[in-house]
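Below, each chain spelled out in residue letters.
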Amino acid sequence: MMSAPKSTLPPRDGAFPKASRLARWVKQGQGWLQFRRDRRIRSRAAAVLLESDLFDAAWYVRKYPDIARVGMNPVRHYLEFGWREGRDPGPRFSTVAYLSSNPDVARSGVNPLLHYIEHGASEGRGKFEVRPVAYPANSPGEPFGPAAPVLSFPLSEDPVVRWRRASNFSSEERGLLSVDGLLLGTCSDVIHRRQVEGAFQHLRFCSGYSGTDVGTGVATDRSDCPNPFLDGHYVDQNCIRTRWDFQGRPTVVRAYQHDPTRGGTLMMIGEGLCASKIDIVDINLCNRLFPLLLVFASPHGEIEGILEFPFPSLCRGGLHYPELLALASSDDRDDAHDAVAIGQRLSSSLESVVTGSAAPPFISTLAIDRRGSLGSEPVFQPDFETWLVKVMRIDIEDGSAAARRRPNGAGQVVLSPDMIPTISVLSRWAPPAGEVKDAKVVLAVAELDPSQPATLFTLPAECASTLRPLGDYPRVWPSLAHVSSNDFRNDEVPIAIRLRDQRQLTGAEKLMPICLSRAVLAAPQSITWLIWPTLWLEQPLREALNALSAQTGSHHDVVAFVGSPDDASWELAKRLFGGRIEVWDNVHGFARAETSTPLIGYLGPGVILHEVTCSLILASLLDDPAITSASCALVESERTAKTWQVSVADAGSVRRETDGTALSPLSPAEAELIWRSNYPVASPPGDLWLIRRRTLARWLDPQSAEGEPLHICTTAVTASRTMPSDGRVAPIAPPATSRSLQVTSLLG
Amino acid sequence: MKVCVLIPTLEYRGYAGARIRYGRLQKELARRDVHLELVDVESFDPRQMDADVLLISKCHDARSVVAAAALSQSGHLVGVDLFDDYFSQSFDSRLLRFRNWLNQLLPHCHFALCSSHRMAELVGKYHPDLAVHVLNDPAERAEHAFLGQKLAEKLACLTDERRLRIGWFGVGDNPYFKVGLHDVAAYGSALSQLLRGDLDVELTILTNKRSLDASGLALITQLPVEANVEEWTEERERDLLSEVFACFLPVNSQGFSAAKSLNRAVTALSSGCQVISAGYPLYARLDHLIYRDIPSFVDDIAKESMRHSQSRLGEFHAAMLEVASAVVEAQSLVEFLRTLTVSNRDEALPIVLIHGPVANPASHRMVQSLGGLSVASPYCASQLKFDVIFRGDLCRPSLLVGEGAIRRVKEKMLTRLQGPVEDAGEKFWRLSDGAGEADPILSADGASLPIQIAVYPKAMEWIADHLERAFGPCRIIFAENLHWPIAVGSSRAC
C-alpha cells in the first residue's frame with residue numbers, strides 16, 4: 001500500500017519562489033505566511049537529505065558538472081529540479097529506478113529520496129543503487145597523445161653485424177644450395193646438403209605436394225644446435241613474430257613455406273638476423289596453418305641448421321593455441337609448452353596415419369553440422385579447408401562423393417561451425433582390436449585473444465550419445481562416433497576448439513535461450529510439482545503457482561504441498577489447478593503413495609518457471625531412460641535504473657579434478673560458454689529438478705542401492721529464482737561423481 | 001498515384017536505405033506518374049494522408065501497425081518494404097519483437113516489397129498469400145558517365161605507381177549480428193595473397209564511429225595488410241570510391257547478410273572500382289564483372305586486363321540494366337502496384353491498441369486520433385490518458401473504462417459499470433463483465449520480470465477477450481516493443 005506522504009516537500013510548482021513569483025503570490029492573496037511555511041518545509045527537506053548517507057553532495061556535483069558551473073547548492077538543486085530530471089542524489093540511490101518500480105510514488109509527485117527515507121525504507125521498498133558507468137575516454141576517431149615511456153634498457157654495445165639477404169645470393173657462387181629455384185645459402189658438406197634437401201622434400205610431403213616421397217624428416221642436429229625457438233606469436237592473421245636463441249652467435253633465420261594459392265610453390269616468407277634474444281623475425285605466412293621450414297645460416301650465408309615447424313597455429317594467437325595449453329597442462333615434459341617440439345611429435349603421429357605405416361586413423365570422417373553457421377567461421381575459410389585437405393589429408397564431409405575420407409578408419413567427428421578440429425585428434429591413430437564404444441569428449445573453449453584463459457570441458461563417455469542437439473539449434477558439443485578404441489577415453493586432449501564469440505549474452509538470451517516452437521516438442525507427460533510452502537514467502541508462492549499454471553500442458557499437472565500453504569495461496573491453487581492439489585505432512589508419505597503422474601518435479605522457494613515450455617523441455621529430457629534427473633539453469637533478475645539485469649544464479653555443480661573429488665558450482669561465466677546445451681552435472685540446481693516417480697522413493701530410501709545417477713542440466717531453457725536459496729531443500733538429489741562434466745581452466 | 005513512404009526518422013532520409021532505395025527511383029517513378037513522398041512516422045497523421053499507397057519502411061513499432069490497420073480499412077493500399085532480415089532468426093529471443101511486429105503488420109498489408117529473393121521467400125513463410133515484389137536497389141545513373149575513362153585511369157595509375165589501394169565501406173557493426181568489420185576480419189586473410197607481388201597494398205576502411213570500439217579496432221589490427229580507418233560520410237565514401245582501385249566486399253552466409261541487396265557491389269562498380277568478393281556469393285549475378293579469388297585478380301593486374309574495364313563496359317551496362325536500373329525497377333514497380341486492388345477483406349472495426357510495460361505516447365495519440373481505444377495493460381506504468389486501463393492485484397484485475405470511452409461500451413454492458421474511481425487523477429468506471437472469476441490470472445504492475453514473462457501471453461489473451469466482450473469486435477494490436485522475450489499472439493511459432 002502506498003503511504004500517505006507527509007508534508008515534507010515544497011509544492012510541485014512553487015518551490016523557492018523568485019521575486020516575481022512572490023509578488024504573484026501576494027497578489028493572489030497567499031501572503032507571507034504561506035511563503036514562510038513553504039520555506040520551512042524546504043529547509044526541513046534539505047536537512048533530511050543532508051543527514052542521509054544516500055545524498056552525496058560531492059558525488060552529485062562531480063557527476064553533474066553543470067550544477068557546479070552555475071554554482072547552485074546541490075541539495076537545493078536535487079530537491080527542486082534534479083529528481084524531476086531523473087538525476088541521482090548519490091551513487092547508492094537511483095531516482096529513475098525507484099520511481100519506475102514504485103509508480104504510486106511517481107504519481108504522487110513526492111521527491112523519491114525523501115519518500116524512501118521517510119516511508120519507503122520502512123515499507124521494504126528497494127532503493128536501487130546506481131551502477132558505476134564507465135564513460136568513454138577519447139573516442140576512437142580522435143587523436144591520441146604520445147604514449148608514455150614504459151620500458152627502458154641500455155642499448156647493446158655489440159658491433160653491428162653485417163649479413164647477406166637471400167636476394168643477394170648469386171647462383172654463380174660456389175657451394176650454393178638451391179631448392180625449387182630458391183637460393184638457400186652455401187653448404188659445402190655433401191651430407192649436410194642431402195639433409196637439407198631431404199628436409200625440403202619432407203616439407204613438400206607434409207604440405208601435401210608429394211604423394212609418397214616422405215623425405216628425410218627433421219634434420220636438425222640437436223646435439224650441436226638445440227631447438228633455438230624461444231617464442232612465436234601471431235601479430236596478425238598471417239604473420240608470426242618469432243624470437244630465437246642462438247646462444248650469442250649471430251644467425252640468420254629464413255622461413256620457407258609452400259604456397260597453396262600458387263599450386264604449392266615454395267616461397268621464402270621471412271628472413272632476419274638474430275644477434276640476441278630480443279631480436280625478432282617476422283614470418284609472413286602464405287597459409288596461416290601450413291608447415292614451415294626454418295633454415296639457420298651464418299651472416300655470410302653458410303647453412304648451419306634446419307628446423308621443421310609443422311604446426312605454426314600452435315603459437316600464441318594461432319587457431320590451435322588452446323590445444324597447446326591443453327597439451328602442456330597434461331604433459332610433464334620440459335618442452336610441453338614448446339609449439340615446435342609438440343608440433344613435431346604430432347607431425348610424427350600424423351605421418352604414421354597418412355602413410356598407413358601404423359594402425360588406421362582414429363578419425364576418418366570430419367563433418368560440420370552447419371546449423372547456425374555464419375559461413376565466415378575459420379573452418380570454412382579457404383586457407384583452413386586447404387590445410388585440412390593438403391596437410392591433414394581429410395576433407396569436411398558434405399555428403400558429396402568427392403569429399404575425402406581417410407581410408408581404413410571408422411571414427412567420425414562432428415563439429416559445429418564455430419569449432420575447429422584439433423591437430424591431436426586428426427593426427428591420432430587407432431590401436432587395432434579396439435572395442436567400438438562411446439568416447440569421452442573433450443572440448444576447449446577459447447577466445448582468439450590469447451591473454452584470455454581457455455576452458456576445457458570434458459564430457460564423460462556415457463553422456464556422449466545422450467546429449468543430442470536441441471531442435472534446429474546449433475550444437476554446442478562435438479560428437480565422436482564409431483571410434484574403434486577405448487584408448488582415447490582416458491586422454492584429456494581436446495578433440496575440438498570452439499572459438500568463442502566475444503559477445504556477452506543479453507538478458508533476453510538468459511531468460512529465453514532458445515525460442516523453441518511448441519510444435520517441435522513432444523506431447524507432455526504430466527508432472528506432480530512438490531512444493532514446501534513453509535519455505536516460501538506468500539507473494540512469491542502465488543507468483544510461482546501462476547507461472548506453473550501458464551506452462552504448456554499444465555492442465556494435467558498436480559501440485560503437492562508438503563505442509564500447509566497460506567489461505568490465499570490455497571485458494572489460488574484451487575482456482576488454477578481445480579481438484580489437482582494434494583497436501584502431505586511429509587515427503588515420505590507422498591513418496592509411498594500412488595501418484596497419478598509419471599514425473600515428479602521439485603520447485604524450490606522462489607523459483608518461477610518464466611518460460612512456458614520449461615516443464616515440457618525438462619520432461620522431454622527424461623524420455624531417455626539413462627537420465628535420472630533433468631533440470632535447467634536458474635537465473636536471477638534485478639531491477640536497475642532503466643532495465644533488468646539478468647544473471648546466472650545456479651547451473652548445477654561439476655567436477656573440477658580428474659579423480660572426481662572436487663565438486664563445485666559451474667560459474668556463471670562457464671555456464672555462458674555452454675549456453676543452449678545439455679550437460680551432465682554432479683548435482684542439479686538445488687531448487688528445480690524433474691525425476692521419474694520411482695526415483696524419488698529410491699532417493700529417500702537410505703538402503704537403496706541405486707547406481708550412480710546421471711543428472712542432466714540444460715541451458716536451452718531457464719527458470720528464475722526470485723529468493724536467495726537457503727539450502728533447506730529436501731529431498732536432495734544424490735550427487736554423481738564420474739558421470740559429470742569436468743571443467744578445467746587453462747592459462748596461457 | 002501517390003505513394004507515402006513511412007520512415008522512422010527525418011535523419012533516415014540520409015541513410016543508404018532511403019537514399020539508394022527511394023532517392024534514385026523518385027525521378028523515374030515520377031515520369032510514370034507515381035510520386036514518392038518520404039514522411040517520418042513522428043509527424044505522420046493517417047487522417048491527413050492524401051496518398052493512395054502507404055509503404056512502411058523500417059518503422060518497427062506499433063504506430064506503423066496502427067496506421068496500416070487504419071488505412072487498409074479506409075481503402076488505401078498498404079505495403080511494407082523489407083530489406084533487412086531481422087525476421088528469419090526464429091530461435092533468437094532477442095529478435096522476438098521484430099517477429100511480433102511483422103506478424104501483426106502483415107495481415108493489414110496488401111503487398112510487400114523485398115530487396116532480394118531471399119527476403120521474398122521469408123515473407124512467404126509469414127504470409128503465403130501476400131503479393132510480393134522484388135525491388136532491386138538502383139544505381140545512380142550519373143555515376144556511369146566517364147566510367148570507362150575512370151577505369152582506364154585507375155589501371156594506369158596502379159601500373160605506374162605499383163600502389164594498390166583497396167577500400168571497404170559500410171556499417172561496421174550491428175547490435176544483433178556479426179557483420180561489417182567481423183566479415184572483413186574473417187575473410188581478410190585472403191588479402192595476404194596480394195602481398196606476394198611487388199604491389200604496395202593499402203586498405204582504407206570507412207565505417208561508422210560506433211563500430212570502432214576496442215573490439216572493432218582489434219579486428220582491424222588482425223588484418224594482414226595495413227589499414228587506414230576513417231569515419232564514414234556520404235562524401236567520404238564518394239571520394240574513396242573515386243580513389244581506390246578495388247573494393248573488398250566479403251559477405252557471410254547468415255540470413256541477415258545473405259538477404260541483402262547488391263547495392264554495395266553495384267555502387268563500387270558504378271564508381272569505377274574492381275570488386276573482390278569473398279564468402280557468401282551474394283553478388284553471383286555480377287560474377288563476370290567481379291573477382292571471387294585473389295590470384296585471378298593479381299593475374300589480371302599483371303595482364304593489365306581487368307574484368308571491369310573500358311573494353312567490357314557493354315557487359316557492365318547489361319548487368320546494371322538487369323539488376324540496378326532505375327528505369328527498369330521503376331517500370332516494374334509501377335506495373336506491380338497497378339495490379340493491386342484494395343480488397344474488401346477488412347471490415348471497418350475500431351482499432352484497440354494494448355500497451356505492454358512501456359507505452360509509446362505517439363502510438364497512444366495516433367490510435368486515439370483515429371477513434372480507436374488506447375488501453376493500458378496491468379504491466380503499463382506510463383501516465384497517459386488511456387481510454388481503458390487494467391488495474392488490480394495479482395488475483396483480481398479490473399477493467400476500468402475512462403469517461404470518454406463509456407459511449408463505446410456495448411449497450412448491454414453499460415449496466416455493469418460501477419464508479420467512478422480515480423486513477424492518476426482521471427475518472428474511470430469499473431466494468432464487471434461477470435466472466436473474470438475463473439479466468440487466468442494477470443500480473444499486477446510492479447511485478448517481477450519473470451512473472452511478467454511467465455503470464456504475459458495468457459494475460460494479453462485474457463485482456464483482448466475482455467475488451468471484445470466490453471466493446472464488441474475490434475482490431476487488436478499489441479504495442480509491445482520491449483527487448484525482453486515476450487511473445488505476442490502466435491509469433492512463437494514463427
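Residues numbered from 1 in each chain as written. Chains lettered and ligands numbered in written order. Predicted model: local features only at pLDDT ≥ 70, side-chain atom pairs only at ≥ 80, totals over all residues. Heavy atoms only, no water.

A. Structural view of the overall build of chain B. On a plain count of helices and strands, chain B comes out with 16 helices and 18 strands. Along the longest, intermediate and shortest principal axes, the C-alpha atoms of chain B span 90 × 50 × 35 Å. Counting contacts in chain B only where the partners sit at least 6 residues apart, residues at least 24 apart contribute 72% of the total. Carbon and sulfur atoms make up 50% of the accessible area of chain B, which totals about 19000 Å². (Helix = DSSP H or I, 4+ residues; strand = E, 2+ residues; numbered from the N terminus. Contact = heavy atoms within 4.5 Å. Areas by Shrake-Rupley, 256 points an atom, 1.4 Å probe, with all protein chains shown as cover.)

B. Representation of the overall build of chain A. Summing up its helical and strand segments, chain A has 20 helices and 30 strands in all. Long-range contacts, defined as pairs at least 24 residues apart, comprise 72% of the intrachain contacts of chain A with a sequence gap of at least 6.

C. Representation of the packing of aromatic side chains. Tallying each qualifying case throughout the model produces 36 aromatic pairs over all chains. Ring centres of Phe 561 of chain A and Trp 570 of chain A lie 6.4 Å apart, and the angle between their planes is 50 degrees; this geometry places the pair in the tilted category. Owing to a relative accessible area of 0%, Phe 561 of chain A belongs among the buried residues under this scheme. Judged by its relative accessible area of 28%, Trp 570 of chain A falls in the partly exposed class. Arg 87 of chain A extends its terminal NZ or CZ atom over the ring of Tyr 64 of chain A, reaching a point 4.9 Å from the ring centre. Cation over ring: Arg 264 of chain B sits above Phe 169 of chain B, and NZ or CZ is 5.2 Å from the ring centre. (Phe/Tyr/Trp six-rings, centres within 6.5 Å; stacked < 30°, edge-to-face > 60°. Buried < 20%, exposed > 50% of the residue type's maximum accessible area, 1.4 Å probe, protein only. Lys NZ or Arg CZ within 6 Å of the ring centre and 35° of its normal.)

D. Inspection of the pattern of salt bridges at higher detail. Residue and element names in this part refer to chain A. For the structure shown, the criterion picks out 52 salt bridges over all chains. The salt bridge partner of Arg 87 is Glu 85, with a shortest N-O separation of 2.7 Å. The buried category is assigned to Arg 87, whose relative accessible area is 14%. Residue classification places Glu 85 among the partly exposed residues on the basis of a relative accessible area of 45%. Notably, a salt bridge pairs Glu 672 with Lys 510, separated by 3.5 Å at the nearest N-O pair. You can see Glu 672 sitting in helix α19 (residues 668–673) and its partner Lys 510 sitting in helix α14 (residues 507–511), a full 162 residues away along the chain. (Salt bridge = Lys/Arg side-chain N within 4 Å of Asp/Glu carboxyl O.)

E. Spotlight on the sheet that holds strand β1 (residues 2–7) of chain B. Residues and elements named next belong to chain B. Reading across from one edge, β2-β1-β3-β4-β5-β6 is the order of the six strands in this open sheet, with parallel pairing throughout. At either end of the open sheet lies a strand with only one pairing partner, and these are β2 (35–40) and β6 (131–134). On average, each strand axis in the sheet is inclined to that of its neighbour by 25 degrees, with strand direction left out of account. Examined bridge by bridge, β1 and strand β3 (residues 53–57) share four bridges and lie parallel to one another. The residue bridging Val 3 from the neighbouring strand is Val 53, located in β3. Contacting β1, β3 and β4 (77–82), helix α3 (residues 62–73) runs over the sheet at an angle of about 165 degrees to β3. (Pairing = 2+ DSSP bridges. Axes fitted to C-alpha atoms, helices over the stretch in contact; angles between N-to-C directions.)

F. A look at helix α6 (residues 147–161) of chain B. Residue and element names in this part refer to chain B. Along its 15 residues, α6 runs 21 Å from first to last C-alpha, staying within 8% of the 21 Å computed at 1.5 Å per residue. By the burial criterion, the buried members of α6 are Leu 147, Gly 148, Leu 151, Lys 154, Leu 155 and Leu 158. The buried residues of α6 occupy an angular sector of 135 degrees when projected down its axis, which confines them to one face. Here the buried face of α6 lies against β7 (163–170), α9 (234–243), α11 (263–270), β11 (274–279), α12 (294–303) and α13 (313–323). (Expected span 1.5 Å × (residues − 1). Arc of directions from axis to C-beta.)

G. Structural context of a nonpolar patch on the surface. All names here are of chain B. Nonpolar side chains collect at one region of the surface, where Leu 321, Val 327 and Val 328 lie side by side and expose about 230 Å² of accessible area between them. Turning to its location among the elements, Val 327 is positioned in helix α14 (residues 326–339). Residue Val 327 is classed as partly exposed on the basis of its relative accessible area of 37%. (Patch = residues over 30% accessible without salt bridge, like charges linked within 9 Å, V, L, I, M, F, W, Y side chains within 5 Å.)

H. Structural detail: the pairing of strand β2 (residues 182–186) of chain A. All names here are of chain A. With four bridges joining them, strand β1 (residues 176–179) and β2 adopt antiparallel strand pairing. Across the sheet, residue Val 179 finds its bridge partner in β2, namely Leu 182. Where β1 folds back onto β2 in an antiparallel hairpin, the turn is made up of two residues, including Asp 180, whose phi is positive at roughly 50 degrees.

I. Molecular detail of the interface of chain B and chain A. Contact residues are listed per partner, giving 54 residues for chain B and 62 residues for chain A. Summed over both partners, the interface of chain B with chain A comes to about 4800 Å²; 57% of that surface belongs to carbon and sulfur atoms. Where chain B packs against chain A, one counts one salt bridge. Here Glu 509 of chain A and Arg 94 of chain B are joined by a salt bridge, their closest N and O atoms 3.8 Å apart. Put simply, the parts of the chain that give the side of chain B that touches chain A at least two residues each are α7 (181–187), α8 (214–221) and α16 (449–471) of chain B. (Buried area = accessible area lost by both parts, 1.4 Å probe.)

J. Looking closely at the side chain of Ser 740 of chain A. All names here are of chain A. Assignment of secondary structure puts Ser 740 in the loop between β29 (711–721) and β30 (742–746). A distance of 3.4 Å separates a polar side-chain atom of Ser 740 from the backbone nitrogen of Arg 655. A polar contact is formed between the side chain of Ser 740 and the backbone nitrogen of Ala 682, at a distance of 3.4 Å. Each residue touching Ser 740, except ones within four places of it in the same chain, is listed here: Thr 458, Pro 460, Ser 653, Val 654, Arg 655, Pro 680, Val 681 and Ala 682. (Polar contact = N/O pair within 3.5 Å; in protein donor to acceptor, adjacent residues only side chain to side chain.)

K. Region of interest: the state of the cysteines. Overall, the coordinates contain zero disulfides over all chains when judged by the stated rule. Summary of cysteine pairing: Cys 713 of chain A is not part of a disulfide, and the nearest cysteine sulfur, belonging to Cys 632 of chain A, is at 6.6 Å. The buried category is assigned to Cys 713 of chain A, whose relative accessible area is 0%. Not engaged in a disulfide, the cysteine Cys 247 of chain B finds its nearest cysteine sulfur in Cys 273 of chain B; these two sulfurs lie 4.1 Å apart. (Disulfide = S-S within 2.5 Å.)

L. Structural context of the sheet that holds strand β10 (residues 365–368) of chain A. All names here are of chain A. Strand order in this open sheet of four strands is β11-β10-β12-β16, and the pairing throughout is mixed. The sheet terminates laterally at β11 (396–397) and β16 (479–481), the two strands that pair on one side only. Where β10 meets β11, two bridges bridge the pair, whose relative direction is parallel. Across the sheet, the residue bridging to Ala 367 is Glu 397, located in β11.

M. How the structure looks around the confidence of the model for chain A. Residues and elements named next belong to chain A. Per-residue pLDDT for chain A averages 82, and the proportion of residues at 70 or more is 81%. Scored below 50 in pLDDT, residues 1–35 makes 56 contacts in the model with residues more than four places away or belonging to other chains. Between residues 130–143, whose pLDDT stays under 50, and residues either more than four places distant or in other chains, the model counts 15 contacts. (pLDDT = per-residue confidence, 0-100.)

N. Examining the confidence of the model for chain B more closely. All names here are of chain B. For chain B, mean pLDDT is 89; residues scoring 70 or higher make up 92% of the total. Considering only residues more than four positions removed or in separate chains, one finds that residues 436–440, a stretch of pLDDT under 50, has 11 contacts. Confidence over residues 490–494 falls short of pLDDT 50; this stretch has 16 contacts with residues more than four positions distant or in other chains. For this predicted complex, the interface score ipTM comes out at 0.88, while the overall pTM is 0.81.

O. Quick peek at the pairing of strand β18 (residues 527–531) of chain A. Residues and elements named next belong to chain A. In terms of residue burial, β18 counts as a mostly covered element, since five of its five residues are buried. Residues Ile 527, Trp 529 and Ile 531 point to one face of β18 and Thr 528 and Leu 530 to the other, with burial holding for every one of them. Here β18 runs beside strand β21 (residues 599–603); their pairing, made up of four bridges, is parallel. Its bridge partner being in β21, Ile 527 is matched across the sheet by Leu 599. With four bridges connecting them, β18 and strand β19 (residues 558–562) associate as parallel partners. Looking at β19, one finds that Leu 530 is bridged to Ala 560.

P. Region of the structure containing the side chain of Arg 288 of chain A. Here Arg 288 of chain A is to be found in the loop between β7 (280–284) and β8 (292–297). Owing to a relative accessible area of 10%, Arg 288 of chain A belongs among the buried residues under this scheme. Of the polar contacts made by the side chain of Arg 288 of chain A, one reaches the side chain of Asp 383 of chain A; its length is 2.7 Å. When neighbours within four sequence positions are excluded, Arg 288 of chain A is seen to be in contact with Tyr 234, Gln 237, Asn 238, Pro 312, Ser 313, Leu 319, Gln 381 and Asp 383 of chain A together with Ser 189 of chain B.

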